[in-house]
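Single-letter residue listing:
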Amino acid sequence: MAAAAAALVVSLWLTVQAQQKADPSIRITANDLGGVVTGPSGPEAGVWVIAETTDLPTQFAKIVVTDDRGRYVIPDLPKATYRVWVRGYGLIDSPKVQTPQGKMLNLTAVAAPTAAAAAEYYPPLYWFSLMRVPPKSDFPLPKIKSQGEWLSVVKSGACQSCHPLGTPGMRRISDELGKFRNSAEAWAKRLQAGSAMNLMARDITRLDTDVALKLFGDWTDRIAAGELPSAKPTRPQGIERNVVITLWDWAHTTSYLHDAVSTDRRNPRLNANGKIYGSPEDSTDFVPILDPKTNTASEVKHPVRDPNTPNVKSNPIGLSPFWGPNPIWDNQTINHNPMFDEKGRVWFTPRVRASANPSFCKEGSDHPSARAFPLAESGRHLSMYDPASGKFTLISTCFPTHHLNFASDANQTLWTSAGIGGPGVIGWLNRKMFEETGDEAKSQGWTPFILDTNGNGKRDAYVEPDQPVDPTKDKRVAINTYAVAVSPSDGSVWGTVVGYPGYLARLAPGADPTHTALAEVYEIPPPGFGPRGGDIATDGVYWVSLASGHLGSFDRRKCKVLRGPTATGKHCPEGWTFYQLPGPQLKDVPDPGSAESSYYTWVDWYDTFGLGRNVPIVMGNLNSSILALVNGKLINFTVPYPMGFFAKNVDGRIDDPNAGWKGRELWSTYGSRTNFHLEGGVANRPRAVRIQLRPDPLAR
């Protein structure tokens with residue numbers, strides 16, 4: 001046995017030497033893995049090599065793509081024993097090989113034995129594209145006027161704003177749900193499952209319910225009967241093969257995360273190599289924290305002011321085939337979105353009290369904004385977490401908050417959006433004043449959206465939204481912004497207005513925003529519709545994700561009209577450009593676009609990813625990817641494991657500007673509300689995701 005063991009060691013050593021000698025271009029150190037992936041027809045190009053371990057404080061994985069000769073290098077692995085395997089389109093997963101780092105490891109890819117086996121590895125988009133929707137000839141329906149409006153609800157306005165349709169847990173109906181006469185009834189029951197039943201019941205009734213349930217049921221029936229996607233994804237090509245993807249488990253199996261943040265939007269060198277913070281929205285009050293240097297996940301509980309603040313666990317709940325009859329969410333703060341300030345503190349949009357506003361917000365108050373536009377309720381507010389002290393500061397706002405972004409003005413103004421269904425205002429916090437005085441009432445303000453329809457360049461008396469335009473007055477529009485971004489070019493504040501066809505909104509604050517702010521709205525023209533999230537470039541161009549399956553850009557500099565009685569939304573179609581997102585279109589949709597349902601777009605101001613300044617980074621939610629628009633072409637960077645990557649946004653950080661690609665990265669997280677619908681089922685935890693772009697697939 002000893003002789004045999006010695007012979008095996010010598011054999012392995014000779015194999016490694018032969019591999020290195022045969023292909024000297026694959027260079028590794030003691031912290032790397034490298035080798036060649038071959039399949040039945042030779043080297044496998046554009047497939048993923050995944051190395052995963054549970055030896056570290058939290059589960060860790062690193063993923064790379066093979067080059068055109070099937071070669072790979074996984075760089076900078078922490079010391080551990082890894083399970084390594086190959087995944088790729090046209091394949092099934094190869095057997096997992098156990099190895100420490102520092103090895104040359106050739107791997108054998110396994111061809112999918114059937115088309116059905118291959119399709120199990122397709123992104124959700126390809127399965128969702130099988131969904132039938134009412135043909136244009138069926139409209140108007142009683143509740144929906146057009147096919148585009150129907151798609152806007154399903155894609156950006158409701159269903160796929162929370163989770164991707166097409167994942168294994170969505171395209172199949174569990175037997176644990178019960179027995180039903182037909183799949184439409186099964187879907188009606190499914191939409192009552194779990195802690196989100198109120199939201200799902202609300203959203204299905206926005207459609208023509210019976211029609212929608214039959215179409216959802218038909219979709220899952222056809223898949224159960226063996227129907228497969230008619231389109232196939234392509235393997236990563238060119239620069240798409242240069243990514244290095246790193247994953248860390250954080251939060252809990254019952255948690256879901258809305259966002260993650262790594263740095264200050266205005267200074268990507270802040271918090272270099274520091275901790276990442278997440279926002280768990282409805283699922284828990286515990287804010288997840290990842291330390292990528294130590295591969296450690298922790299958490300801190302976000303407090304509320306009033307212990308009687310409502311808790312989501314008291315919401316109606318239906319039987320979940322995954323979790324049973326009890327609520328898995330326990331949360332008072334419904335913490336939505338984080339953002340770093342320039343001092344390294346993290347700001348959130350949580351609920352810190354019940355919704356009824358204090359008296360200073362309401363009618364009869366002498367607060368300037370309350371006198372101008374009183375507010376009775378606010379569902380979310382503001383908070384700030386100081387990592388140095390470990391303490392939270394809670395700020396009660398009269399206006400509702402949703403997303404947030406800092407201006408670069410003297411007051412370090414923090415602007416917030418209201419989300420969907422708010423009171424029609426945008427709010428802000430004068431952070432300089434708040435930090436000097438601690439007076440949360442005096443330091444906050446809000447304003448409705450007033451259009452300059454009399455065209456004199458200043459804000460005047462206005463007519464209400466239900467009144468016709470008066471050429472002698474301005475006009476208020478009843479909108480709420482979902483995204484919020486501050487333009488570096490002129491300090492204007494931009495946002496999206498979710499709906500069909502949807503709008504962009506721009507606010508010029510003026511010297512006293514409560515009384516001087518003027519708004520502009522721009523309706524999205526065909527073929528685009530259904531905005532969700534967007535961002536502004538440093539040149540003032542706004543980029544937006546659209547339910548039509550497009551990335552839209554809007555350049556206000558092209559507008560022929562900016563104010564006056566016709567400037568009410570339809571006045572600048574010339575400002576728009578559309579880029580079709582990758583993937584097939586839905587079966588019954590004849591219009592250009594894609595079945596893709598992108599949640600958000602973030603613009604890389606500082607070339608943190610390595611593709612250039614002002615490159616829009618688009619969430620490819622159903623492609624399990626992020627997409628980057630470079631020279632008019634969308635590049636698709638897929639996160640293949642676990643299947644179902646669903647990013648609500650990204651941000652970019654520069655850890656070391658002198659370290660090349662290793663000093664730059666994008667950060668995100670798995671943001672689906674239903675991680676248990678993804679590969680791995682109920683054992684899944686959300687994963688923090690770092691995406692880096694090296695110069696070639698063998699760089700280390």
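I will try to describe carefully the structure that is included in this document.

Reading guide: rules and limits
- Residues numbered from 1 in each chain as written.
- Predicted model: local features only at pLDDT ≥ 70, side-chain atom pairs only at ≥ 80, totals over all residues.
- Heavy atoms only, no water.
- Helix = DSSP H or I, 4+ residues; strand = E, 2+ residues; numbered from the N terminus.
- Rg over C-alpha atoms; globule rule 2.2 N^0.38 Å.
- Buried < 20%, exposed > 50% of the residue type's maximum accessible area, 1.4 Å probe, protein only.
- Contact = heavy atoms within 4.5 Å.
- Areas by Shrake-Rupley, 256 points an atom, 1.4 Å probe, with all protein chains shown as cover.
- Lys, Arg positive; Asp, Glu negative; His and termini not counted.
- Charge placed at Lys NZ, Arg CZ, Asp CG, Glu CD.
- Disulfide = S-S within 2.5 Å.
- Pairing = 2+ DSSP bridges.
- Axes fitted to C-alpha atoms, helices over the stretch in contact; angles between N-to-C directions.
- Arc of directions from axis to C-beta.
- Parallel < 35°, antiparallel > 145°, perpendicular 65-115°, else oblique.
- Nonpolar A, V, L, I, M, F, W, Y, C, P; charged D, E, K, R; others polar.
- Core = buried A, V, L, I, M, F, W, Y, C linked by side-chain atoms within 4.5 Å.
- Salt bridge = Lys/Arg side-chain N within 4 Å of Asp/Glu carboxyl O.
- Phe/Tyr/Trp six-rings, centres within 6.5 Å; stacked < 30°, edge-to-face > 60°.
- Lys NZ or Arg CZ within 6 Å of the ring centre and 35° of its normal.

### Concerning the overall build of the chain
When its secondary structure is counted, the chain shows 12 helices and 41 strands. Relative to its length of 700 residues, the chain is compact, with a C-alpha radius of gyration of 26 Å against a globular reference of 27 Å. For the chain, the spread of C-alpha atoms along the principal axes amounts to about 95 × 60 × 50 Å. A burial count over the chain gives 62% of its 700 residues as buried. When contacts within the chain are restricted to residue pairs at least 6 apart in sequence, those whose partners lie at least 24 apart make up 64%. Accessible area for the chain stands at about 26,000 Å²; split by element, carbon and sulfur atoms hold 53% of it. Between the centroid of the 73 positive side chains of the chain and the centroid of its 68 negative side chains there is a distance of 3 Å.

### Focus: the state of the cysteines
Enumeration over the complete set of coordinates arrives at 2 disulfides. What pairs with cysteine 559 in a disulfide is cysteine 572, and their sulfur atoms sit 2.1 Å apart. Disulfide cysteine 559 to cysteine 572: torsion about the S-S bond roughly -100 degrees, handedness left-handed. Of this pair, cysteine 559 sits in the loop between β33 (550-554) and β34 (576-580) while cysteine 572 sits in the loop between β33 and β34; the two residues are 13 residues apart in sequence, bridging distant segments of the chain. Numbered by position along the chain, the disulfide-linked cysteines of the chain connect as 1-2, 3-4.

### Here we look at the sheet that holds strand β18 (residues 346-348)
Overall, antiparallel pairing links the 4 strands, which are arranged β17-β18-β19-β20 in an open sheet. The sheet is open, and its two edges are formed by β17 (338-340) and β20 (391-395), each paired on a single side. Along the sheet, successive strands turn relative to each other by an average axial angle of 25 degrees, direction set aside. In terms of strand pairing, β17 meets β18 through 3 bridges, oriented antiparallel. Within the sheet, the bridge partner assigned to phenylalanine 340 lies in β18 and is valine 346.

### Brief notes about helix α7 (residues 197-204)
Looking only at α7, the buried set comprises Met197, Asp203 and Ile204. Projected down its long axis, α7 shows its buried positions confined to an angular sector of 135 degrees, all on one face. Buried-residue contacts for α7 involve α4 (147-157) and α8 (209-224).

### A closer look at the pairing of strand β24 (residues 444-451)
Side-chain direction in a regular strand flips from residue to residue, so the side chains alternate between the two faces of the sheet. Counted residue by residue, β24 has 8 buried out of 8 residues, so it is predominantly covered. Where strand β23 (residues 425-429) meets β24, 5 bridges bridge the pair, whose relative direction is antiparallel. Among the inter-strand pairings, tryptophan 428 is bridged to a residue of β24, identified as glycine 445. In this sheet, strand β26 (residues 474-477) lies alongside β24 in antiparallel orientation, the contact comprising 3 bridges. Each bridged residue has a counterpart across the sheet, and for leucine 451 the counterpart in β26 is lysine 475.

### So, the sheet that holds strand β8 (residues 97-100)
As summarised here, the arrangement of the 8 strands in space is β8-β6-β3-β4-β12-β41-β40-β39, forming an open sheet in which the pairing is antiparallel. Two strands bound the open sheet, and with one partner strand each, they are β8 and β39 (651-654). Averaged over all pairs of adjacent strands, the angle between strand axes in this sheet comes to 25 degrees, irrespective of strand direction. Where strand β4 (residues 60-65) and strand β12 (residues 243-249) come together, 5 bridges link them in antiparallel fashion. From the neighbouring strand, alanine 61 faces β12, where its bridge partner is leucine 247.

### Some words on the packing of helix α6 (residues 183-190) against α8
α8 packs onto α6 with a crossing angle of 110 degrees between their chain directions and a minimal axis gap of 8 Å. Of the possible angle classes, the one that applies to α6 and α8 is roughly perpendicular. Along its contact with α6, which presents Ser183, Ala184, Trp187 and Ala188, the element α8 presents Leu213, Lys214, Phe216, Gly217, Trp219, Thr220 and Asp221. Its residues assigned to classes, the contact of α6 with α8 comprises 6 nonpolar, 3 polar and 2 charged.

### A look at the nonpolar core
Within the largest apolar cluster, 100 residues are counted, with the highest numbers of intra-cluster contacts made by Trp150, Leu247, Ile617, Ile626 and Phe637. Among the elements that make up this core, the one with the highest residue count is α8 (6 residues). When neighbours within four sequence positions are excluded, isoleucine 617 is seen to be in contact with Tyr600, Thr601, Trp602, Ile626, Leu627, Ala628, Val650 and Leu666. If you look at the next biggest cluster of nonpolar residues, it comprises 31 residues, including Val86, Leu107, Ala109 and Ala699.

### Focus on the pattern of salt bridges
Scanning all chains against the criterion turns up 42 salt bridges. One salt bridge in this structure joins glutamate 520 and arginine 506, with 3.2 Å as the shortest N-O distance. On the criterion of sequence distance, the pair formed by glutamate 520 in strand β30 (residues 518-523) and arginine 506 in strand β29 (residues 503-508) is long-range, its members being 14 residues apart. By sharing partners, the salt bridges in this structure join Asp264, Arg266, Asp341, Glu342, Lys343, Arg345, Arg431 and Glu435 into a single network.

### Some thoughts on the packing of aromatic side chains
Within this structure, the stated rule accounts for 30 aromatic pairs. Taken together, the ring pairs in this structure connect Trp494, Tyr522, Tyr542, Phe554, Trp576 and Phe578 into an aromatic cluster. If you follow arginine 171 out to its NZ or CZ, it ends over the ring of tryptophan 127, 4.2 Å from the centre. Against the face of tyrosine 641 rests arginine 687, its NZ or CZ located 6.0 Å from the ring centre.

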